[in-house]
Each structure stands twice: as structure tokens, then as C-alpha cells.
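A structural walkthrough
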Amino acid sequence: MTDAHIFLLTTDDEIGEKFSREILNPAGFRISRISDVLNLEVALQGDSPDLIIWDGRESSEDLPQLLGNFNVHHPNIPVILLWGEPSFEMARSALRGGCMDYIYPPFVETDVINIINNCLQRSRHLDQSQIILSRMNEGVLVISTEGRLIFCNQAARQFFELGTANLLGKPFKDVIQNPDFLELLEPYNQTENTHGEINLADGRVLNSQVSHIPEIGCVVTAQEITHLKELDRIKTDFVNAVSHDLRSPLTAILGYVELLERVGEVNPQQKEFIQRVRISVQSITALINDLLDLGRIEAGFDSHKEVTPLGAMVRYSLEGLSNTISARSQTLELNIPSDTPSVLGNPVRLRQMCFNLISNAIKYAPIGGTIRIQVNSSEDHVIMQVTDNGPGISPQDQPHIFDRFYRASNQPADASGTGLGLAIVKSIVEDHQGRVWVESSIGHGSTFTVVLPVVDRS
Ligand code: ADP
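Reading the values: rules and limits
Residues numbered from 1 in each chain as written. Predicted model: local features only at pLDDT ≥ 70, side-chain atom pairs only at ≥ 80, totals over all residues. Heavy atoms only, no water. Phe/Tyr/Trp six-rings, centres within 6.5 Å; stacked < 30°, edge-to-face > 60°. Helix = DSSP H or I, 4+ residues; strand = E, 2+ residues; numbered from the N terminus. Buried < 20%, exposed > 50% of the residue type's maximum accessible area, 1.4 Å probe, protein only. Pairing = 2+ DSSP bridges. Axes fitted to C-alpha atoms, helices over the stretch in contact; angles between N-to-C directions. Contact = heavy atoms within 4.5 Å. Domains from an automatic or database assignment. Lys, Arg positive; Asp, Glu negative; His and termini not counted. Salt bridge = Lys/Arg side-chain N within 4 Å of Asp/Glu carboxyl O.

What follows concerns the packing of aromatic side chains. One pass over the full model with this rule turns up six aromatic pairs. Ring geometry for Phe 19 and Phe 107: centres 5.0 Å apart, planes at 65 degrees, overall edge-to-face. Residue Phe 19 is located in helix H1 (residues 13–24), and its partner Phe 107 is located in the loop between strand S5 (101–103) and helix H5 (109–135); the two are separated by 88 residues in the primary sequence. Residue classification places Phe 107 among the buried residues on the basis of a relative accessible area of 11%. Here the aromatic rings of Phe 172 and Phe 181 are separated by 6.3 Å at their centres, their planes lie at 75 degrees, and the arrangement is edge-to-face. Here Phe 172 matches Phe 181 in class, with each residue buried. Taken together, Phe 160, Phe 172 and Phe 181 form an aromatic cluster joined through their ring pairs.

Let us now look at the sheet that holds strand S3 (residues 51–55). Taking strand neighbours across the sheet as the criterion, the five strands line up as S2-S1-S3-S4-S5 in an open arrangement whose pairing is parallel. Lying at the two open borders of the sheet, with one neighbouring strand each, are strand S2 (30–34) and S5. Each neighbouring strand pair of the sheet contributes to a mean axis angle of 25 degrees, computed without reference to strand direction. Where strand S1 (residues 5–9) and S3 come together, four bridges link them in parallel fashion. Considered in S3, the bridge of Leu 9 is made with Trp 54. Running over the sheet, H1 touches S1, S2, S3, strand S4 (79–82) and S5 and is turned about 175 degrees from S2. Taken strand by strand, helix H3 (residues 63–73) contacts S3 and S4, and its axis lies near 165 degrees from that of S3.

Another point: the domain arrangement of the protein. Reports often express the size of an interface as the amount of accessible area lost when the parts come together. Domain boundaries assigned for the protein yield domain 1 (5–133), domain 2 (136–224), domain 3 (230–299) and domain 4 (306–453). Computed from C-alpha atoms alone, the centre-to-centre distance between domain 1 and domain 3 is 76 Å.

Next up on the list: the side chain of Arg 157. Positionally, Arg 157 belongs in helix H6 (residues 154–159). Although Arg 157 is buried, it makes no salt bridge; Glu 161 carries the closest opposite charge, 13 Å away. Beyond its immediate sequence surroundings of up to four residues, Arg 157 is in contact with Cys 152, Leu 162, Gly 163, Thr 164, Ala 165 and Leu 167.

And the structure:
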């Protein structure tokens, strides 16, 4: 790449002459001499070089910072640091400043040309990656550890309406004000990768991932999923409509099944068949009720919230379950301190959440097993834990058990269910700004933990 254009940034005339006349010009490079950093910025507005040789020997300011700032604003221009002698300080300045290589005396022509050609080649590969990143359909943003924008591709500019201005080097919070985006990156400098949905002002929805890269910062990728959200909405509407329409005939079937035995004598075999019909209709009705509940919670129909003591919700749920606990000869250990603070919630839904978790614990704990319900609190949160000594849940199943219709491989033969109970729990907890998770190991039982914010009395 001998026609490459090189900016030579140095105040030293001797070096300037040597490099231009003896090394770079004979090798076919085009040279522009720049005397200081201020002039560099001016020169860059008129022309963009393929490479910069930066004489760092007489830099009065903090060189790594100077180079680092340059790198943030001009990530596509490779820099070679020129230094007086090989030293630790030189290596440090070069590395911290993001230089691609360094040179020091004696400046042997072939060595210098090799270093320049290597850098130009590497930078061309990087350029290709940047073109790919710039043009792809997914939005890509790279933010430095200090929270400044290092890279932003066309799709991201379009999603966040950033226009064409040069935004590199600016704090990301000044550039993008979308609340979902800001929440996803909060707190900044966390090391865990996260993901979430971003709602754009024009109604589009993005699925976004934040990946943290040590010493660089974080990469945010965003993919438009508006069409998938719409399909999901249509599917949910359909399921809700069907569930609703099925409920009335099922109620009628159940009513007539109940009447059958009253209107005339039935033989033992007919009695058994009636019982089977009853059980089947009851389980379809349970499934439909669960589906309708899930639809209602997700649609936000239960937005009414009041100050609710979680302990009371646990006790109400137990009222409907104590017979089953005795029938299964199980032991219940209940610990709800009387000073547990209340939460702001929908009592019906919170009771349903407790019921689902406790009834699972009863269902999966063995006959004669133990169920422990513990409620704790901190200044800001109420924490409920439901523990059983059942079969436990495998690590492979754990990430999925809160999905709709997911039933893990640990089912005891007699455990009936719809696979919707925990999906309902998760929706309810999230609707109350809380979190739910499971800790479990095969053969050692399971603990489900729900954390809800305490009611804000301010
Ligand atoms: P189901 O109606 O099948 O119980 P859930 O949504 O309540 O549906 O639970 C999903 C799956 O998670 C269950 O099928 C079961 O495999 C597993 N699971 C839930 N709670 C427990 C528990 N306490 N112990 C063991 N496995 C459980």
C-alpha cells in the first residue's frame, strides 16, 4: 500500500526530514508534516490520513490520555508511537493510548517500513470489520469504561434518531435519552451481561443485549422485534378469546355431569366413567382458568394495588391447602414474623402467587415430607421462601420452569398440572416489581424465593 497517506506529527525538524526524505518518500508514501496536536485536529478536518506517526518524546501533557482521546474520536486511524529509546514508559504510553505499534532509534529504513505496512494491513482488516458492523441491520453501540460512545452503527443511529453528527467521545447519557436503554445500562460499569426490551418513541420494539468487555467497556446490540411482538399479541388475543369461549360450555358439561347421578340410578361402571369425565373436565377448566389469568395479568387488568400484608396472603392460601397437607401426612413449618412490613399489591394475585408456590411444594414433596415457609424482611424488601424436600429440579430444567407449559422431567407419577403455575407466579411477581428464582438440586428439594419491594409510605 505504498500510496498511503501518512501524517507525521513531530516538532523535531531533524526527525521530520529524516523520515520524509530518507524513509517514507523513497518508499512511495505521501507525507504531511504536522507540528502539534492542535494543528492535527485542523488537518484532520480537511484530510483523513491512512496512518499517523506520533512523536511522543516532547509531549507536555499526559501522553496516554492524549492518545486515548484521539483514539476515541478517530478510531479508524492507526497510530504508531515514535519514542527516543525502548523503555517501560514508552510501552505503557503506547498500550494505554491504543497505539498499534511503536518505533525508536536507530530508525532502520526496512524496519520502519515493515512496521508501517503491518499496521496499514491490520487497519484495513479492522476497516472491513467496521464496514460490516456499520451496515448490519442490528444496532451496535460500543461504550467505553468511562461511559463515552466509542462506536455507533447506522442502524443504532436510526433506532435512536441520532442523525449524522459526530457523537463519538460524548457521554452516552447525553446522546441517548431513551428510558429503557438507560435502564438497561444502569448501574453503569456492572460486570454482568444483561438483556431486555427497548420501546422506541415511534412504537417499534428492540430486543437488546449488553455485553461487558473488560478494559473496553460494553457492547450494546439491538434487534428489531416489532413484528414478533405483534405476532405474540395476536396469539395471546387468540388464546384469550378461545379460552373465554370454552369456559361456558365446560361449566355446562360439568353441571350436567354432576346431575347425572341425581336423576336416576347408575351402575358402578357408569359411575366410574362419570368420575373420569368429571376429572377431565376439571383439569381442562383449570388449564383455561390459568390461561385466562395469565392473559389478564399480562394485559395489566389487575392494576389495582393496595397495602397488603404478605403473611396474611400466605395464611389465606394455606386455608385452602391444609386438608391436602394432612392427607399427605406432611409437616408444615411456618415462620412469619409479626412485624413483617406490607407490600403494595393486588391481594387476589398475591394470594394466587403464594397458593401456586405452596401447592407446588405440597405436590412435589413426598408423602410425610416437610414444607417450610419463611418470610423475612429488610428495610426495602419482603422476602418469602417456600422450601420442600421433594425431588428437586435439575440444573438443565431450572432456567425453563417459569416458562408457559414447561413441565420438568422430575414429575412424580401422581403430579397433575398444567405447567402454567410458575408462569403465573413470575408474571404476578414482575407486575409487582419483584423477583422470583429457584435454588434446587436433584434429591435435595427446592427453595423458591420471592422478593417484593415494601410499600413506600413516603
Ligand atoms: P405444574 O402445573 O406442572 O406444577 P408449574 O408451572 O407450577 O407447573 O411448574 C413447572 C414445573 O416446575 C413442574 O412441572 C415441575 O417439573 C417443576 N416444579 C415446580 N415446583 C416444583 C417443586 N417445588 N419441586 C420440584 N419441581 C417443581
